[in-house]
Amino acid sequence: MIPARAALAAFVAFIATAPLFLPEFQVALLDYIGLATLISLGLVLLTGVAGVMSFGQQVFAGIAAYTSAVLTTRYGVSPWLTLLIGLAIVAAVSLFLGAITLRLSGHYLPISTIAWGIAIYFMFGNLEIFGKYTGVPDVPALASGHAMYYLIWAAALALLVASSNLLDSRSGRAIRALRFRAVMAESFGVDTARLKAVVFLYAALFAGLSGWLYAHYLRFVSPSAFNVNAGIEYLFMAVIGGASHVWGAVIGASILTLLKEWLKGLVPSGIGASGNYEIVVFGVLMMLLLHRASAGLAPVLARWAIAPHRRAIAPQAAPLPRRAHPAAGVALLEVRKASKRFGGLVAVRELSFGMRAGEILGLIGPNGAGKSTMFNLITGVLPSDGGEILFLGERIDGLAPSQIARRAIARTFQHVNLIGAMSVLENVALGAHLRGRHGTLRAMLRAERAEEARLLAEAARQVERVALGAHLHDAAGSLPLGQQRLVEIARALSADPALLLLDEPAAGLRYAEKQVLAALLRRLRAEGMSILLVEHDMDFVMGLVDRLVVMDFGEKLAEGLPQAIQSDPGVVEAYLGGVA
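Anyway, here's the lowdown on the structure attached to this text. What you see is a predicted model, and the numbers here were worked out from it, not measured in a lab. Each chain carries its own residue numbering, running from 1 in the written order of its sequence. pLDDT decides what is reported in this predicted model: residues at 70 or higher carry local features, side-chain atom pairs at 80 or more are listed and counted, and totals for whole chains, interfaces and linings draw on all residues regardless. The basis for every side-chain value is the complete set of heavy atoms in the structure, and neither hydrogens nor water enter the calculation.

1. A short note on the overall build of the protein chain
Note the cut-off: Secondary structure elements are taken from DSSP: a helix is a run of H or I of four residues or more, a strand is a run of E of two residues or more, and numbering for both begins at the N terminus. Only protein chains enter the area calculation, which uses a 1.4 Å probe; residues under 20% of their type maximum are buried, those over 50% are exposed, and those in between are partly exposed. Contacts were defined at the residue level, with two residues in contact if any of their heavy atoms lie within 4.5 Å. Exposure was quantified through the Shrake-Rupley algorithm and a 1.4 Å probe, taking into account, for residues, occlusion by the shown protein chains and nothing else. Here the positive residues are Lys and Arg and the negative ones are Asp and Glu; neither His nor the chain ends is included. Taken as the charge centre is NZ of Lys, CZ of Arg, CG of Asp or CD of Glu, depending on the residue.
From N to C terminus, the protein chain includes 23 helices and ten strands. Referenced to the eigenvectors of the C-alpha coordinate spread, the extents of the protein chain come out at roughly 90 × 50 × 50 Å. A buried classification covers 54% of the 580 residues belonging to the protein chain. Here the contacts in the protein chain between residues at least 6 apart in sequence split such that 75% fall between residues at least 24 apart. Put simply, the protein chain shows about 25000 Å² of open surface, and 62% of that area lies on carbon and sulfur atoms. Each charge sign in the protein chain was given a centre, from 48 positive and 39 negative side chains, and these centres are 4 Å apart.

2. A look at the sheet that holds strand 8 (residues 530–534)
Going by this rule: Any two strands are treated as partners once DSSP identifies two or more bridges connecting them. The angle between two axes is taken between their N-to-C directions and runs from 0 to 180 degrees, where each axis is a line fitted to C-alpha atoms and a helix contributes only its stretch in contact.
Spatially, the six strands line up as an open sheet ordered 6-7-8-3-9-10, and their pairing is mixed. Bordering the open sheet on either side are strand 6 (409–411) and strand 10 (555–560), each of which pairs with just one other strand. Neighbour-to-neighbour, the strand axes of this sheet turn through a mean angle of 15°, independent of strand direction. In terms of strand pairing, strand 9 (residues 547–552) meets strand 10 through five bridges, oriented antiparallel. Counted as the bridge partner of Met 551 is Lys 556 from strand 10. Across the sheet, helix 19 (residues 481–494) lies against strand 6 and strand 7 (499–503), angled at about 165° from strand 7, the strand it touches most.

3. Digging into the nonpolar core
Counted only if it meets this: Residue types Ala, Val, Leu, Ile, Met, Phe, Trp, Tyr and Cys, when buried and joined through side-chain atoms within 4.5 Å, form a set referred to as a nonpolar core.
By size, the foremost hydrophobic cluster in this structure holds 145 residues, and its most contacted members are Phe 60, Trp 153, Leu 213, Phe 226 and Leu 521. Here this core gets 14 residues from one element, more than from any other, and that element is helix 9 (residues 192–218). Every residue in contact with Leu 213, bar those within four places of it in the chain, is listed here: Leu 35, Leu 38, Leu 142, Met 148, Leu 151, Ile 152 and Ala 155. One finds Leu 332, Leu 333, Val 335 and Leu 499 within the second-largest nonpolar core, a separate group that totals 29 residues.

4. Brief notes about the side chain of Thr 47
In plain terms, the rule: Any pair of nitrogen or oxygen atoms within 3.5 Å is treated as a polar contact; in protein, a donor-acceptor pairing is required on top of that, and neighbouring residues in sequence qualify only through side-chain atoms on both sides.
Within the element layout of this structure, Thr 47 appears in helix 2 (residues 24–49). Here Thr 47 falls in the buried class, since its relative accessible area comes to 9%. Polar contacts involving the side chain of Thr 47 include one to the main-chain carbonyl oxygen of Val 52, which spans 2.9 Å. Among residues more than four places away in sequence, those in contact with Thr 47 are Val 52, Met 53, Ser 54, Arg 179 and Leu 235.

5. Regarding the sheet that holds strand 4 (residues 386–391)
The antiparallel open sheet is built from four strands, whose spatial order is 2-1-4-5. Looking at the sheet topology across the chains shown, the edges are occupied by strand 2 (345–356) and strand 5 (394–395). In this structure, strand 1 (residues 331–342) lies alongside strand 2, joined through eight bridges in antiparallel fashion. Bridge assignment links Ala 331 to a residue of strand 2, and that residue is Arg 356. Against the sheet, helix 14 (residues 371–378) engages strand 1, strand 2 and strand 4, with an angle of about 115° to strand 1.

6. Focus on the environment of Ala 324
The topology assignment puts Ala 324 in the loop between helix 13 (297–305) and strand 1. Between the C-alpha atom of Ala 324 and that of Ala 115, which follows or precedes it by 209 residues, the distance is 51 Å.

7. Topic: the side chain of Thr 412
For Thr 412, the location among the structural elements is in the loop between strand 6 and helix 16 (424–430). Taking the relative accessible area as the measure of exposure, Thr 412 reaches 3% and is therefore buried. Within the structure, the side chain of Thr 412 is placed 2.9 Å from the backbone nitrogen of Asp 503, a separation counted as a polar contact. Setting aside residues no more than four positions away along its own chain, Thr 412 makes contact with Glu 488, Ile 489, Ala 492, Leu 501, Leu 502 and Asp 503.

8. A few points about a nonpolar patch on the surface
Put simply, the test is: Here, patches come from residues exposed beyond 30% relative accessible area and free of salt bridges, joined within 9 Å for like charges and within 5 Å for nonpolar side chains (Val, Leu, Ile, Met, Phe, Trp, Tyr). What makes a salt bridge here is a side-chain nitrogen of Lys or Arg within 4 Å of a carboxyl oxygen of Asp or Glu, nothing more.
Taken together, the side chains of Val 280, Val 281, Val 284, Leu 285, Met 287 and Leu 288 define a hydrophobic patch exposed on the protein surface, amounting to about 520 Å² of accessible area. Structurally, Val 284 is set in helix 12 (residues 278–292).

Written as structure tokens, this is what we have:
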């Protein structure tokens, strides 16, 4: 198999030498592939990775193209200055549209992108300043000969590498969590709304750069290049190439561009009639391709030809700074008459309890008692319908999960909430998100490598702590359920929490693994960490916790020491069905 860097070097060498041995027509096709790559790359980040489907990216290309065309032909502005002006306008428009669009979910979101794509297309075609449907001719060229080819591909390669760097970073892990694990990401401090807006902005700027290059490459701009069909084609490119893989943008753009050109000449001659029959054949081929490779071609090619990349870990990296934990005995968490209803079902009814720093408190009860709902109220995943929740004297009910995470609260989930395709190391490193500072721009430039090394080293230490060091680079989804729960615990520990909430951490573990987990939790308590624990294994709970709170039908049934709870008749009746 070919190492990833060798494959990249071979591709760059081909792009650099292609004009020296290819005919002009094929070089022109490479130009179109490079322009399309820029837009489909934005869609890889936006749709494939972040999960925001858009049929309107061609609009941003059109805005930049028309801005440069009008300013250069009518007002004599330098094309290089129009690049900055065009991208500034694209940024403003994308932030405005993003503020409206990204609030939507489900099918409303892609429909809204179609709506503003149609609206702006008709704006291009009906305003006199844009030449209406005739377009704007005589746009000045940026360079002569093959210089434009190299400019297009320099931009494409630079953004491909920058996007790859971005996804291979602290911010990239957060972006990869947006599509399927947004609740989990928020619980570790990721501001998902802001991050989606940032990715939406980058995708728009990539398209804007493509539009600016397009205008000065063709030296003509018209609305037909920026209609809704173009938006669908760009989305096709991302999906065909592999919507969750950066280099899938190049693969998809190449296949779509070359296949359309090939079919355009082959199909009419084959059936002896003129017309756009290639679209029919193209559609059938696309359905067959997606049926056989639903994730696109990039992951298939990577499995066949590219050696897997393993994240390097620097054991000598300086440890991340630790939080100062509250002194033992300080009032840590206080729940006052918390309530939560789901329609007519009362999941939590005026529940009150408290815990002090340095203790392990068990929250137990039969299935459906409301324990996990209480966890979700404490961490902000669910809004409470009444009562108060205080952490170190500050009310946290009503705060977003990301804000609560910043107050040194970390959790695991009742149902495993990992990103299955990511390695154990990267899943755990996501827990340390708030312990890093550098953002997306520094990640694109690889200017945050020192911090990234510290985050990965911390994650590796926590993986070793839960005895999963042998699985550090395995895909998290490939592990058995019990080990996945240990990965979740390691991820929560990476956040360096003052309060650790564990939702059924021993579920799926063998007896020996439970003993190792219990020993770990005792060590954490000795180090000053406070633990709130939901668990059904009573043998595990009774030998571990300092106190217990028993819930039944959303209410507190009992509270006290394990020995007292075990002999409480009401608890025995509710929890064990009357069997002692």
